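# Summary of structural features
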Amino acid sequence: MTQEHTHKTGFETRAIHAGYEPDEMTGAVIPPIYATSTYKQDGVGGLRGGYEYSRSANPTRTALEGVLAAVEMGERGLAFASGLAAEDTLVRALTRPGDHAVIPDDAYGGTFRLFDKVEKVWGLDHSPAAISDVDAVRAAIQPGRTKLVWVETPTNPMLNVGDIEALAAVAHDAGALLVVDNTFASPYLQQPLTLGADVVVHSTTKYVGGHSDVVGGALVVRDHELADALAFHQNAMGAVAGPFDCFLTHRGLKTLGVRMDRHCDNAEKVVEFLGSHAAVTEVIYPGLESHPGHAVAARQMKRFGGMVSFRVKGGVEQALRVCESAQVFTLGESLGGVESLIEHPGRMTHASVAGTDLEVPADLVRLSVGIETAEDLLADLDRALGAS
Ligand code: P1T
């Protein structure tokens, strides 16, 4: 399918068909794993299909990058070795020492660590702001210096929601770009480029890959100049995704739509169950009408996702006990795979923000609700919450 045609088709059709035409020679319907570092040239500079060296381009990666662009309604996708590799490439391609970025005051711990311990040393300042509060984001912008407004929505792990259209306007008024980390929503539920964002970031390790068997990252953009700058840095910095990883990620992405619908169905059941459980003090889920970001989420997301956070009676000790007592929910970092995961953000994924303004509540438990039989998930949570 041409890109023009692709963008007119439905999400699942794009996820399954974009980025690759059956191989000319064999008709293979799935992109082969091109396990090659280099390519024979037909005379010096005589490249076949533009392939020269696999850091610069590899056909298995080209196929994944094409489908990533299509599912996000972008012009260009770029695949990286991890979400953080994508983030670092993006930041250093689009900023210079002395510049400034606004970041979420409840960002993923690794993203905060990247800004605070790596990009800062390189000379990029940052200010955390509540991305659910457009005025707070506007106030955190330093006119002339702020080059990036960085948003996660929903955020990890507090599930706050940022209004992408409004934040894009605020960023653009100040001459900055709006970056949206779309990892939690996935491109099935939310397409930030269609709402005015300039760059979409993914940890494809999560819902896009979907099977907890590969680490990867992605950037997707609409603008050709921006795409060229990012592609230059992707090659110059070299944190690319390898062909085996691209194959797995691409395979996962084909079923994103059906998986996400089941993740959402199960999450809704889990939320209802937790909401009436005596051991739970608060359930955090953008699908709840009581969630402060519900109206914005309902406007910009197809459904509300598979991530659920909740707080328990009994503080940190009980939160740890619940995490360690679950059996169907596996105790582990990461999210977005078909299997349910449970974790304690304060001690695990967000340990790197302890003692900062981004510290998360000690009694918080985060669930990545998988696609198992819902009744088994509810029974498991009931058992874990009763543990003492
Ligand atoms: O782990 P990596 O593929 O490098 O992606 C980093 C990343 C970026 N953005 C968000 C919103 C993320 O959640 C992550 C990774 N998060 C976890 C590993 C986690 O368990 O929250």
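Please read these numbers as outputs of a predicted model, since none were measured by experiment.

This part covers the overall build of the chain. Within the chain, the regular secondary structure consists of 14 helices and 12 strands. Taking 21 Å as the expected radius of gyration for a compact globule of 388 residues, we find that the chain reaches 21 Å, a close match to that expectation. Structurally, the chain occupies a C-alpha span of about 75 × 50 × 35 Å along its principal axes. Considering the chain as a whole, with its 388 residues, one finds that 55% of them fall into the buried category. The chain carries 31 positive and 50 negative side-chain charges, and their two centres are separated by 3 Å.

This paragraph deals with the site of the ligand. Around the ligand, a shell composed of 17 residues is seen, among which Asp181, Thr205, Lys206, Ser334 and Arg366 lie nearest. Separating an oxygen atom of the ligand from a side-chain N or O atom of Asn156 is a distance of 2.9 Å. Summarising the interface, the protein chains cover 92% of the accessible area of the ligand, which totals 480 Å² for the free molecule. One can see that the ligand is located within the largest pocket. At three residues, helix α4 (residues 83–94) tops the list of elements feeding residues into the shell around the ligand. Residue composition of the shell around the ligand, by class: three nonpolar, nine polar and five charged. Looking at which domains feed residues into the shell around the ligand, each of domain 1 (3–253) and domain 2 (258–387) gives three or more.

Once that is clear, we can look at the packing of α4 against helix α5 (residues 109–122). Viewed as axis vectors pointing N to C, α4 and α5 meet at an angle of 40 degrees, and their least axial separation amounts to 11 Å. Relative to α5, the element α4 is oriented oblique. Like other packed secondary-structure pairs, α4 and α5 cross with a definite hand, here right-handed. Contacts between α4 and α5 pair Leu84, Glu87, Asp88, Val91 and Arg92 from the former with Gly110, Thr111, Arg113, Leu114, Phe115, Glu119 and Trp122 from the latter. Residues of the contact of α4 with α5, tallied by class, amount to five nonpolar, two polar and five charged.

Across the sheet, seven strands lie side by side as β1-β7-β6-β5-β4-β2-β3; this open sheet has mixed pairing. Since the sheet does not close on itself, it has two edges, and those belong to β1 (76–80) and β3 (125–129), each with one partner. Adjacent strand axes in the sheet meet at a mean angle of 20 degrees, parallel and antiparallel pairs treated alike. Together, β2 (100–104), β3 and β4 (146–152) form the strand contacts of α5, whose direction differs from that of β3 by roughly 155 degrees. Docked against the sheet, helix α9 (residues 224–237) engages β1, β5 (177–181), β6 (199–203) and β7 (217–221), running at close to 20 degrees with respect to β1.

The residue after Thr153, namely Pro154, is reached through a cis peptide bond having omega -5 degrees. Structurally, the position occupied by Pro154 is in the loop between β4 and α7 (164–173). In the segment running from Asn156 into Pro157, the intervening peptide bond is cis, with an omega of 5 degrees. By the secondary structure assignment, Pro157 is in the loop between β4 and α7. With a phi close to 55 degrees, Met73 is a non-glycine residue in the positive phi region. As for its placement among the helices and strands, Met73 is situated in the loop between α3 (59–71) and β1.

To continue, consider the domain arrangement of the chain. What the domain assignment reports for the chain is domain 1 (3–253) and domain 2 (258–387). Taking only C-alpha atoms into account, the centre of domain 1 sits 26 Å from that of domain 2. On the domain 2 side, the residues contacting the 38 residues of domain 1 number 42 residues. Overall, the association of domain 1 and domain 2 removes approximately 3,100 Å² of surface from exposure, summing both partners, and the carbon and sulfur fraction of that is 63%. The largest per-residue losses of area from domain 1 upon contact with domain 2 belong to Tyr188, Leu189 and Tyr207, which jointly make up 24% of the total buried on that side. Applying the counting rule to domain 1 against domain 2 returns one salt bridge. Asp163 is the salt-bridge partner of Arg299, the closest N and O atoms lying 2.8 Å from each other. Where domain 1 meets domain 2, there are 16 residue pairs in polar contact (both at pLDDT 80 or more). Within the residue set of the side of domain 1 that touches domain 2, elements represented by two or more residues are α5, α8 (186–189) and α10 (243–253). The residue inventory of the side of domain 1 that touches domain 2, partitioned by class, reads 19 nonpolar, 14 polar and five charged.

Another point: empty space enclosed by the protein. Considering all chains together, one arrives at two cavities of 30 Å³ or more under this definition. Lining the largest cavity, in full, are Pro154, Leu159, Phe184, Ala185, Leu189, Met301, Phe304, Gly305, Gly306 and Met307. When grouped by side-chain class, the residues that make up the lining of the largest cavity number eight nonpolar, two polar and no charged. When residues are assigned to domains, the lining of the largest cavity turns out to be shared by domain 1 (3–253) and domain 2 (258–387), each giving three or more. Of the voids in this model, the second largest cavity is the one considered here, and its volume is about 30 Å³. For the second largest cavity, the full set of lining residues is Leu64, Ala79, Phe80, Thr204, Val215, Gly216, Gly217, Ala241, Asp245, Cys246 and Thr249. For the lining of the second largest cavity, the secondary-structure elements that each account for two or more residues are β1 and α10. When grouped by side-chain class, the residues that make up the lining of the second largest cavity number six nonpolar, four polar and one charged.

Here Arg61 is to be found in helix α3. Owing to a relative accessible area of 2%, Arg61 belongs among the buried residues under this scheme. With sequence-adjacent residues up to four places away left out, Arg61 is seen in contact with Ser54, Arg55, Ser56, Ala79, Gln234, Val240, Ala241 and Cys246.

Reading the values: the criteria
- Residues numbered from 1 in each chain as written.
- Predicted model: local features only at pLDDT ≥ 70, side-chain atom pairs only at ≥ 80, totals over all residues.
- Heavy atoms only, no water.
- Helix = DSSP H or I, 4+ residues; strand = E, 2+ residues; numbered from the N terminus.
- Rg over C-alpha atoms; globule rule 2.2 N^0.38 Å.
- Buried < 20%, exposed > 50% of the residue type's maximum accessible area, 1.4 Å probe, protein only.
- Lys, Arg positive; Asp, Glu negative; His and termini not counted.
- Charge placed at Lys NZ, Arg CZ, Asp CG, Glu CD.
- Near = heavy atom within 4 Å.
- Polar contact = N/O pair within 3.5 Å; in protein donor to acceptor, adjacent residues only side chain to side chain.
- Areas by Shrake-Rupley, 256 points an atom, 1.4 Å probe, with all protein chains shown as cover.
- 1 Å grid on protein atoms, 1.4 Å probe; cavity = no way out; pocket = protein on both sides within 12 Å on 5 of 7 lines; lining within 4 Å.
- Sits in = over half its atoms within 2 Å of the grid points.
- Nonpolar A, V, L, I, M, F, W, Y, C, P; charged D, E, K, R; others polar.
- Domains from an automatic or database assignment.
- Axes fitted to C-alpha atoms, helices over the stretch in contact; angles between N-to-C directions.
- Parallel < 35°, antiparallel > 145°, perpendicular 65-115°, else oblique.
- Left-handed = near helix turned anticlockwise from the far one by under 90°.
- Contact = heavy atoms within 4.5 Å.
- Pairing = 2+ DSSP bridges.
- Buried area = accessible area lost by both parts, 1.4 Å probe.
- Salt bridge = Lys/Arg side-chain N within 4 Å of Asp/Glu carboxyl O.
- Points joined across faces, edges and corners; volume = space filled by probe spheres on them.

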